[in-house]
Amino acid sequence: MSDKHTKPVKSIKNNPKIMRAWAFYDWANSVYSLVITSTIFPIYYSILTTAYEKDEYIKETGQWIKVPVRNLIHVFGKAYQPDAVYGYSLTLSFFIVVLLSPILSSLADTIGNKKSFLQFFCYLGATSCMGLAMFTGMGTVWLGLLFSVTASVGFWGSLVFYNSFLPDIATTDKQDALSAKGYVYGYIGSVILVVICLVLIQVCAETPKQAAIYTRVSFLLTGAWWFGFSQYTFRHLPQFGQVKDQLPKDLVLLNYKNIFKSHEQEGGFMCVLKSNIYFYIDIARESFRELYKVGNHLFGNRNLKYFLTSFFFYSVGMQTIFLMATLFGKSEINMAQDKLIMTLLLIQIEAIVGALFFSWLSRKIGNKNVISIAVALWIGACLAAYFLNKENPNVEYQFYGVAAVIGLVMGGLQAMSRSTYSKLLPQDSMDNTTYFSFYDVLEKIAIILGTFIFATLIEHYNNMRFAALSMSIFFALGLVFIRFVKTKSNE
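Just so we're clear, the structure is a prediction, and the values are computed from it rather than from any experiment.

A.B. asks: Can you walk me through the overall build of the chain in this structure?
C.D. replies: Helix and strand counts for the chain come out as 16 helices and four strands. Looking at the 491 residues of the chain, the share that counts as buried comes to 56%. As presented, the chain carries roughly 20900 Å² of accessible surface, and 63% of it is formed by carbon and sulfur atoms.

The structure is reproduced here in structure tokens:
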């Protein structure tokens, strides 16, 4: 970076108000993960894409059960299972994030306005959640998938910039606890909103039609919650770099208000636009130089190379299972909607305990060992999921057991991954956004691979059990590579 990109004069590290504001963004945006990704939207999508339910006799239990028959979705003349299309749509959203985040994060480091990018993706995600309310049936299924994609882009895009603040605002000895605190805030906030939504859908609604309306109201509440509570973060989180001194006087491509000005004092609109274009060309060149420099450092550092390789492999499994778990319970176990949502809520509550427990455990045995334990538990969960069979009379209890393991390791592995990577980075670097863009890009590529494999195996085998089993291979690879990371005692 050039010398003009300097840290703010006033130190902001370990400032309680700033750290609290940073962690509070998890409270704001995590409602997307639970309401849209994990619980209400997948179930709503499954219901709206179901044509009818047929009766099927189970010899082992001597009972008749209802089995959903799904409407196929046609893409370019070929019919696909709706769950597979949903998986492919998520793959598309992560592909978009992978394309955008390296350039935008390097741009943010160059001109010092990563909080502005965080706000943009936050607002994109929040408004897209509200847009899901327009998904009312098979006639608007593509509208639902579109807003699902843009909401996903908004959520994951914002995390690139959000995560990069961690080493800026906290010293290494505070990062594990602060990272876990963010996840705890997120789990608590998301559970509160889901409970409110469930009261509307299951208590206030008297008919299926009313339940569908209240479900769409839940999407509106999710967007409003995300938008509203993020304002506390944006109010107190600092902006980095001397932005105003680096930008053209009349910037028309980052400030929509300037588009409608005459710009007579600057030689007219076209003259200003031309100077803006040259400015962005220079910024793009600087951004790619930064990406190249950071990439060389990341893959030239032994610890970062092995950690990121491990992170990539276990993220394939972890994030894919997060995204597809609800559809698994609905399609493979045929679990009732109320039981499935209650299970997911309990997982979120357990994840709070897990995040705090693993944060405490990391101080005793070190981050590397904690991550290894969590990944090993994930492998066990994937193997157990493969053997779940809806014809088994005890399948619900078996599903609860798998869910309990996932709940324990879910928050802990995410929090430990973020803080471990932050500790491995150079201290007081102005390239933190770019460093974290590599971290997030690897995670998104992992999700692209994972959701594509998952969706393809669903389409091939017409079930999710083989897809769940395949994820254990990636966890195993992650476990192998994390053991090559060399850390100091209790790190």
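A.B. asks: Please clarify how the confidence of the model for the chain should be interpreted in this entry.
C.D. replies: Detailed conclusions should not be drawn from predicted coordinates in areas where pLDDT is low. In the predicted model, the chain carries a mean pLDDT of 81, and the fraction of residues at 70 or more is 85%. By mean pLDDT, the top-scoring element of the chain is helix α8 (residues 208-236) (94), and the lowest-scoring one is helix α9 (residues 243-246) (46). Overall, residues 1-9 carries pLDDT values under 50, and its contacts beyond four positions in sequence, including any with other chains, amount to 22 contacts. Note that residues 241-257 has pLDDT below 50 and, in this model, 37 contacts with residues that lie over four places away or in other chains.

A.B. asks: Please clarify how helix α1 (residues 16-38) should be interpreted in this entry.
C.D. replies: Helical periodicity: at 3.6 residues per turn, an α-helix aligns residues three or four positions apart in one direction. Over its 23 residues, α1 runs 32 Å from end to end, which matches the ideal 33 Å to within 8%, given 1.5 Å per residue. Along α1, the sharpest kink reaches roughly 40°, centred on N29. The element α1 is extensively covered by neighbouring structure, given that 19 of its 23 residues are classed as buried. The opening residue of α1, the one whose side-chain oxygen lies 3.0 Å from the backbone nitrogen of K17, is N15.

A.B. asks: Before we go on, may I ask you to explain the nonpolar core in this structure?
C.D. replies: A general feature of soluble globular proteins is that nonpolar side chains tend to end up buried together. Counting residues in hydrophobic clusters, the biggest one holds 144 residues, and the most contacted among them are W226, F307, Y421 and F475. Excluding residues that lie within four positions of it along the chain, F307 makes contacts with Y314, I371, S417, T420, Y421, L424, Y439, I482 and V485.

A.B. asks: How should I be thinking about the pattern of salt bridges in this particular structure?
C.D. replies: Side chains carrying opposite charge are able to pair once their charged atoms draw close together. Tallying each qualifying case throughout the model produces three salt bridges. A salt bridge links D26 to R418; the nearest nitrogen and oxygen atoms lie 3.7 Å apart. Placement of D26 in helix α1 and of R418 in helix α14 (residues 395-424) is noted, with a sequence separation of 392 residues between them. Each member of the pair, D26 as well as R418, is classed as buried.

A.B. asks: Teacher, can you tell me more about the packing of helix α2 (residues 40-48) against α8 here?
C.D. replies: The relative placement of two packed helices is expressed as an angle between their axes plus a distance between the axes. Close contact between α2 and α8 brings their axes to 11 Å; oriented N to C, the two are set at 140°. In terms of their interaxial angle, α2 and α8 are classed as oblique. As α2 packs across α8, the resulting crossing turns out to be left-handed. Packed against α2, whose contacting residues are I40, F41 and Y44, the element α8 presents A212, T215, R216, S218 and F219 at the interface. Here the residues of the contact of α2 with α8 are counted per class, giving five nonpolar, two polar and one charged.

A.B. asks: I tried to follow the environment of Y123 on my own but got confused; where do I start?
C.D. replies: Tracing the chain through its elements places Y123 in helix α4 (residues 114-131). By relative accessible area, Y123 is classed as partly exposed at 25%. For the pair Y123 and A151, spaced 28 residues apart in sequence, the C-alpha separation works out to 9.4 Å.

A.B. asks: It is not clear to me how the state of the cysteines should be interpreted in this structure. Could you clarify?
C.D. replies: The term disulfide refers to a covalent linkage connecting the sulfur atoms of a pair of cysteines. Applying the stated criterion across every chain, the model contains zero disulfides. A disulfide-free cysteine, C129 has its sulfur positioned 9.8 Å from the sulfur of C122, the nearest such atom. By relative accessible area, which is 0% here, C129 ends up buried.

A.B. asks: In this structure, what is going on with the environment of N303? I would like to understand it.
C.D. replies: Following the sequence through the fold, N303 ends up in helix α11 (residues 302-331). The exposure class assigned to N303 is buried, which follows from its relative accessible area of 17%. Distance from N303 to T487, taken between C-alpha atoms, is 8.1 Å for residues 184 residues apart in sequence. In contact with N303, not counting residues within four places along its chain, are L424, F484, V485 and K486.

A.B. asks: Help me understand a positive patch on the surface in this model?
C.D. replies: On the surface, a cluster of positive charge is made up of K17, R20, K181 and R235. Mapped onto the elements of the fold, R20 is located in helix α1.

A.B. asks: Explain the packing of α1 against α2 here, please?
C.D. replies: With their axes 3 Å apart at the nearest point, α1 and α2 run at an angle of 15° to one another. Taken together, α1 and α2 sit at an angle that is classed as roughly parallel. Along its contact with α1, which presents L34, V35, I36, T37 and S38, the element α2 presents I40, F41 and P42. Here the contact of α1 with α2 is composed, by residue class, of six nonpolar, two polar and no charged.

A.B. asks: Sorry, what's going on with the environment of V353 here?
C.D. replies: Mapped onto the elements, V353 comes out in helix α12 (residues 337-365). Classification of V353 as exposed rests on a relative accessible area of 51%. As for V353 and G411, which are separated by 58 residues in sequence, their C-alpha atoms are 8.3 Å apart.

A.B. asks: Before we go on, may I ask you to explain unusual backbone geometry in this structure?
C.D. replies: Where the residue is not glycine, phi is negative for most of them; where a peptide bond is considered, it is trans in most cases. Unlike most non-glycine residues, N14 shows phi in positive territory, near 60°. Note that N14 resides in the segment before α1. According to the relative accessible area criterion, N14 is partly exposed, its value standing at 28%.

Calculation criteria
- Counting of residues starts from 1 at the beginning of each chain's written sequence and follows it residue by residue.
- Only residues with pLDDT of at least 70 get local features here, since the model is predicted, and only at 80 or more are side-chain atom pairs given and counted; chain-wide, interface and lining totals rely on the full set of residues.
- Side-chain figures throughout are based on the complete set of non-hydrogen atoms in the structure, without hydrogens or water.
- Segments assigned H or I by DSSP are reported as helices when at least four residues long, segments assigned E as strands when at least two residues long, and all are numbered from the N terminus.
- The classification of residues rests on relative accessible area computed with a 1.4 Å probe and restricted to protein chains. Under 20% of the type maximum is buried, over 50% is exposed, and intermediate values are partly exposed.
- Note on areas: Shrake-Rupley, 1.4 Å probe, and residue coverage restricted to the protein chains presented here.
- Per-residue confidence from the predictor is reported as pLDDT, a score between 0 and 100.
- What makes two residues a contact is simply this: any of their non-hydrogen atoms within 4.5 Å.
- A helix's residues, less one, multiplied by 1.5 Å, set its expected span.
- Bend angle per residue: angle between axes fitted to the 7 residues ending at that residue and the 7 residues starting there.
- Polar contact is the term for a pair of N or O atoms within 3.5 Å; when the atoms are in protein, one must be able to donate a hydrogen and the other to accept it, and sequence-neighboring residues count only if both atoms are side-chain atoms.
- Here the nonpolar core consists of buried residues drawn from Ala, Val, Leu, Ile, Met, Phe, Trp, Tyr and Cys, with membership extended through side-chain atoms lying within 4.5 Å.
- Salt bridges are defined as contacts in which a side-chain nitrogen from Lys or Arg sits within 4 Å of a carboxyl oxygen from Asp or Glu.
- Axes here mean lines fitted to C-alpha atoms, for a helix over just the part in contact, with angles spanning 0 to 180 degrees between N-to-C directions.
- Convention used here: angles under 35 degrees read as roughly parallel, angles over 145 as roughly antiparallel, angles from 65 to 115 as roughly perpendicular, and any remaining angle as oblique.
- Each crossing gets its hand from how the near helix is turned against the far one by less than a right angle, where anticlockwise is left-handed and clockwise is right-handed.
- Residues are grouped as follows: nonpolar covers Ala, Val, Leu, Ile, Met, Phe, Trp, Tyr, Cys and Pro; charged covers Asp, Glu, Lys and Arg; every other residue, Gly included, is treated as polar.
- Count a disulfide wherever a pair of cysteine sulfur atoms falls within 2.5 Å.
- Each patch is built from salt-bridge-free residues with over 30% relative accessible area, joining like charges within 9 Å and nonpolar side chains (Val, Leu, Ile, Met, Phe, Trp, Tyr) within 5 Å.
- The charge count includes Lys and Arg as positive and Asp and Glu as negative, but it does not include His or the ends of the chains.
- Charged groups are reduced to one reference atom each: NZ for lysine, CZ for arginine, CG for aspartic acid, CD for glutamic acid.

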